[in-house]
Amino acid sequence: MRLAFNSVDKNNDGVIETSEVIAALKSLGMNISESQAKKILQSIDSDGTMTVDWDEWKYYFLFHPATTVNEIARFWKHCTISDAGA
Ligand SMILES: [Ca+2]
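As the structure is a prediction and not an experimental result, all values here were calculated from the model.

Where helix α2 (residues 18–26) contacts helix α3 (residues 34–44), the axes come no closer than 9 Å and their chain directions differ by 110°. For the element pair α2 / α3, the angle class is roughly perpendicular. Taking contact as the criterion, the partners of T18, V21 and I22 in α2 are, on α3, E34, A37, K38, I40 and L41. Looking at the contact of α2 with α3, its residues break down into five nonpolar, one polar and two charged.

Here the UniProt-annotated "domain: EF-hand" (unreviewed entry) positions come out as residues 1–31 and 32–67. Across residues 32–67, the secondary structure splits into 58% helix and 6% strand, with the terminal C-alpha atoms separated by 21 Å.

Turning our attention to the nonpolar core. Ranked by internal contacts, the top residues of the largest apolar core, which has 14 residues, are V21 and L25. Counting residues per element, the ones that place at least two in this core are α2, α3 and α5 (69–83). If we skip the residues at most four places from it in the chain, V21 touches V8, I16, A37, I40 and L41.

Take α2 next. Of all the positions in α2, only E20, V21, A24 and L25 are classed as buried. When α2 is viewed along its axis, its buried side chains cluster within an angular range of 130° and face the same direction. Summarising the geometry of α2, the exposed residues directed more than 90 degrees from the buried face are S19 and K26.

Attention now goes to unusual backbone geometry. Positioned with a positive phi, N12 is a non-glycine residue whose angle comes to about 55°. One can find N12 in the loop between α1 (2–8) and β1 (15–16). A residue is classified by how many C-beta atoms lie within 10 Å of it, and N12, with 7 of them, is exposed. At M50, a residue that is not glycine, the phi angle is positive and equals roughly 65°. Considering the arrangement of structural elements, one finds M50 in the loop between α3 and β2 (52–53).

For the rest of this paragraph, the subject is the environment of W57. Mapped onto the secondary structure, W57 falls in helix α4 (residues 54–63). Separated by 41 residues in the primary sequence, W57 and I16 place their C-alpha atoms 9.1 Å from one another. If we skip the residues at most four places from it in the chain, W57 touches F5, I44 and V52.

Basis of the calculations
Residues numbered from 1 in each chain as written. Predicted model: local features only at pLDDT ≥ 70, side-chain atom pairs only at ≥ 80, totals over all residues. Axes fitted to C-alpha atoms, helices over the stretch in contact; angles between N-to-C directions. Helix = DSSP H or I, 4+ residues; strand = E, 2+ residues; numbered from the N terminus. Parallel < 35°, antiparallel > 145°, perpendicular 65-115°, else oblique. Contact = placed C-beta atoms within 7 Å. Nonpolar A, V, L, I, M, F, W, Y, C, P; charged D, E, K, R; others polar. UniProt positions renumbered as here; feature names shortened; annotations may be inferred. Core = buried A, V, L, I, M, F, W, Y, C linked by C-beta atoms within 7 Å. Buried ≥ 20, exposed ≤ 12 C-beta atoms within 10 Å, placed from the backbone. Arc of directions from axis to C-beta.

In structure tokens form, the structure reads like this:
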């Protein structure tokens with residue numbers, strides 16, 4: 001879990017932001033828009049900062065078990081698809 005967080009947090013500042021979500025999915029061959037990435041972040045972010053820290057990440061994945069970046073990416077993709085048209 002920590003490994004997945006670290007691999008998404010490219011600049012190692014301890015928070016995940018929109019551009020890092022986009023980059024992480026891009027490296028797995030998935031292209032998402034900035035608004036989709038924001039939607040993903042908002043679903044994880046609990047204090048409205050539009051960034052995700054380790055505590056928010058940990059809490060979120062307590063209820064959405066995914067251990068590898070690949071599983072997380074698949075889960076996020078599912079989120080953005082099911083939100084489309086809502
Ligand atoms: Ca970061």
